[in-house]
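# Observations on the three-dimensional arrangement
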There are 2 protein chains.
Amino acid sequence: MTKVLAGITMSLDGYITGPNDRLGAGLGDGGERLHHWVFGGPWTYDRPGGSAIGVDKDYIEEVFASGGAWIVGRTMHDVVDGWGDDPGFGVPVFVVTHRPRETAVKGDTTFAFVTGGIADALERAQAAAAGKNVIVMGGADLLRQYLAAGVVDEFTLTIAPVLLGAGKRLFDGISRTDIRFERTAVVESPFATHLRFRMLYGE
Amino acid sequence: MTKVLAGITMSLDGYITGPNDRLGAGLGDGGERLHHWVFGGPWTYDRPGGSAIGVDKDYIEEVFASGGAWIVGRTMHDVVDGWGDDPGFGVPVFVVTHRPRETAVKGDTTFAFVTGGIADALERAQAAAAGKNVIVMGGADLLRQYLAAGVVDEFTLTIAPVLLGAGKRLFDGISRTDIRFERTAVVESPFATHLRFRMLYGE
């Protein structure tokens, strides 16, 4: 059965980007430190194309293998320039946006731009997922909307052991606090701690 | 050798108190949910004096056994009304404050009110700890000051799986972000995840 998964990486002080993040500046000052667990850190910068290792790699691979469709916000899509020429998702990606745009096909990945809101994007992703999971990738605003809508089944909060001091806060302005996070697993590496939760809604 | 330990419980959205926290209102609206891992939750409310169980209990007992002296901020001390008549620390507690007050002896615990600042409080606590650890309990402002001073050797961030929506943020306005958190252990229970770090300072 299709489940809706969501997850993102947050600093110890609650940020998913660093200071001065904006279009063209990626994740802002020092924001790349959030993703040392994904791409490696200074210790791999002499080897371009660093990638996850160990349990971090296992976690990423498991998520990708389970996903039949992805949902992402337009800002996140644009910040990473649509993951370049070969995004490699291998399944449809639905981009939630207010600005219509033609569907883009890049390698094995199709980006469909959905202007009908989060429910419409979810419906289309569920249909496309063919029984596999729908994965909501972010950014923060989209995650908050899907969490508040009560449709996320499992949420993984990855905590990177860094302080960023400023940036975009993951949970700022979330519209409900009666969401219950039932921890199902904790996966830890030297670079991050993945807290995995089953989501329950209401008191 | 005396080490300086610090730790506190934070919600998923980064708060150490709930909305409307103020003197006389404890941890604010819903803030007690942060400490279900310490005192139990609704499931134990029919048994007054709920307490930690399992790995949470082990963690608390280990910290208390290792402590030769504690440091706490005046606000935190006052919010919990000095832990009542029988605080049970069993070792000296140093309260950092701007408002002088007579030393208070309650059961086996002595509260000394220190007006000389965080360095003075640390020096006195280290002398009193007799080779055991000094533990900085909080609140947020005091923790930020000791972290920024680069004197905390080990830090435990306990993450409670709740959203509070508002309250006091643990890391708000921390004055440096070149603090490195080297994860040494993760202790997980159904009620909280304790992320234990060795602290390193500077790039």
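This section reports on the structure supplied with the text. (Residues numbered from 1 in each chain as written. Chains lettered and ligands numbered in written order. Predicted model: local features only at pLDDT ≥ 70, side-chain atom pairs only at ≥ 80, totals over all residues. Heavy atoms only, no water.)

### Considering helix 2 (residues 54–66) of chain A
All names here are of chain A.
- Compared with the 18 Å implied by 1.5 Å per residue over 13 residues, the 19 Å span of helix 2 between its first and last C-alpha is a close match.
- Of the residues making up helix 2, those classed as buried are D56, Y59 and V63. One face of helix 2 carries all of its buried residues, which in axial projection span an arc of 65 degrees. (Helix = DSSP H or I, 4+ residues; strand = E, 2+ residues; numbered from the N terminus. Expected span 1.5 Å × (residues − 1). Buried < 20%, exposed > 50% of the residue type's maximum accessible area, 1.4 Å probe, protein only. Arc of directions from axis to C-beta.)

### Focus: the packing of helix 4 (residues 118–129) of chain A against helix 5 (residues 140–148) of chain A
All names here are of chain A.
- One way to put it is that helix 4 packs onto helix 5 with a least axis distance of 11 Å and a crossing angle of 85 degrees. It follows that helix 4 is roughly perpendicular to helix 5 by the angle criterion. In contact with I118, A121 and L122 of helix 4, helix 5 contributes L142, Q145 and Y146.
- For the contact of helix 4 with helix 5, the residue count by class is five nonpolar, one polar and no charged. (Axes fitted to C-alpha atoms, helices over the stretch in contact; angles between N-to-C directions. Parallel < 35°, antiparallel > 145°, perpendicular 65-115°, else oblique. Contact = heavy atoms within 4.5 Å. Nonpolar A, V, L, I, M, F, W, Y, C, P; charged D, E, K, R; others polar.)

### Thoughts on helix 4 of chain A
Residues and elements named next belong to chain A.
- Relative to the 16 Å expected for twelve residues at 1.5 Å per residue, helix 4 spans 16 Å between its end C-alpha atoms, a close match to the ideal helical length.
- For helix 4, every residue scored as buried is listed here: I118, A121, L122, A125 and A129. Angularly, the buried residues of helix 4 cover 100 degrees about the axis, an arc narrow enough to put them on a single face. Turned more than 90 degrees away from the buried face of helix 4 sit A119, E123 and A127, all of them exposed.
- Contact partners of the buried residues in helix 4: strand 1 (4–11), strand 2 (67–73), strand 3 (93–96), strand 5 (109–114), strand 6 (133–138) and helix 5.

### Digging into the sheet that holds strand 5 (residues 109–114) of chain B
All names here are of chain B.
- Ordered in space as 4-5-3-2-6-1-7-9-8, the nine strands form an open sheet in which the pairing is mixed. The sheet terminates laterally at strand 4 (104–106) and strand 8 (179–188), the two strands that pair on one side only. Within this sheet the neighbouring strands show an average axis-to-axis angle of 25 degrees, counted without direction.
- On top of the sheet, helix 2 (residues 54–66) reaches strand 1 (4–11), strand 2 (67–73), strand 6 (133–138), strand 7 (154–160), strand 8 and strand 9 (193–201); it is set at about 100 degrees to strand 2, its chief contact.
- Of the strands in this sheet, strand 1, strand 2, strand 3 (93–96), strand 5 and strand 6 touch helix 4 (residues 118–129), which is tilted by about 160 degrees from strand 2. (Pairing = 2+ DSSP bridges.)

### Focus on the relation of the copies chain A and chain B
- Mapping chain A onto chain B is achieved by rotating through 180 degrees and translating by 0.0 Å along the same axis, at an RMSD of 0.0 Å. The operation mapping one copy onto its partner corresponds to a two-fold rotation axis. Taking the C-alpha atom as reference, chain A places G14(A) closest to the rotation axis, 2.9 Å from it.
- Most of the interface of chain A is mirrored in chain B: 100% of its interface residues are interface residues there too. (Least-squares fit on C-alpha atoms with pLDDT ≥ 70 in both.)

### Comments concerning unusual backbone geometry
- Residues G138(A) and G139(A) are joined by a peptide bond in cis, for which omega reads 0 degrees.
- The residue G139(A) is located in the loop between strand 6 and helix 5 in this model.
- Residue D81(B) is not a glycine yet carries a positive backbone phi of 55 degrees.
- By relative accessible area, which is 59% here, D81(B) ends up exposed.
- Phi is positive for W83(B), which is not a glycine, with a value near 60 degrees.
- Along the chain, the position of W83(B) falls in the loop between helix 3 (74–79) and strand 3.
- A relative accessible area of 25% places W83(B) in the partly exposed class.

### Description of the packing of aromatic side chains
- Here the structure, examined in full by the defined rule, presents 20 aromatic pairs over all chains.
- Ring geometry for F155(A) and F181(A): centres 6.1 Å apart, planes at 70 degrees, overall edge-to-face. With a gap of 26 residues between them, F155(A) in strand 7 (residues 154–160) and F181(A) in strand 8 (residues 179–188) connect regions that are remote in the sequence.
- Overall, the relative accessible area of 5% leaves F181(A) in the buried class.
- Residues W83(B) and F111(B) carry aromatic rings whose centres are separated by 6.1 Å and whose planes lie at 10 degrees to one another, so their mutual orientation is stacked. Here W83(B) is found in the loop between helix 3 and strand 3, whereas its partner F111(B) is found in strand 5, with 28 residues between them in sequence.
- Among the residues examined, F111(B) registers a relative accessible area of 0% and is labelled buried.
- Taken together, F64(A), W70(A), W83(A), F89(A) and F111(A) form an aromatic cluster joined through their ring pairs. (Phe/Tyr/Trp six-rings, centres within 6.5 Å; stacked < 30°, edge-to-face > 60°.)

### Examining the pairing of strand 3 of chain B
All names here are of chain B.
- The alternating pattern of strand 3 places V93 and V95 on one face and F94 and V96 on the opposite face, and all of these are buried.
- The sheet contact formed by strand 2 and strand 3 spans four bridges and is parallel. Directly across from W70, in strand 3, lies its bridge partner V93.
- Read from strand 2 through helix 3 to strand 3, the crossover connection turns out right-handed.
- Both strand 3 and strand 5 contribute to a ladder of four bridges, which runs parallel. Note that in strand 5 the partner of F94 across the bridge is A112. (Right-handed = clockwise from strand over helix to strand, strands pointing away.)

### Considering the sheet that holds strand 7 of chain A
Residue and element names in this part refer to chain A.
- Taken together, the nine strands give an open sheet; going across it, the order is 4-5-3-2-6-1-7-9-8, and neighbouring strands pair in mixed fashion. In the strand order of this sheet, the two ends are held by strand 4 (104–106) and strand 8, each with one partner. Adjacent strand axes in the sheet meet at a mean angle of 25 degrees when their direction is disregarded.

### Some details on the interface of chain A and chain B
- Facing the 27 residues of chain A at the interface are 27 residues of chain B.
- Carbon and sulfur atoms make up 61% of the area that chain A and chain B hide from each other, which totals about 2300 Å².
- On the chain A side of the contact with chain B, L12(A), L163(A) and R183(A) bury the most area, a combined 28% of that side's loss.
- Summed over the shared surface of chain A and chain B, the number is four salt bridges.
- A salt bridge links R183(A) to E188(B), with the shortest nitrogen-to-oxygen separation between them at 2.7 Å.
- In terms of residues, the side of chain A that touches chain B owes the most to one element, strand 8 of chain A, which gives five residues.
- Taken together, the residues that form the side of chain A that touches chain B break down as 16 nonpolar, four polar and seven charged. (Buried area = accessible area lost by both parts, 1.4 Å probe. Salt bridge = Lys/Arg side-chain N within 4 Å of Asp/Glu carboxyl O.)

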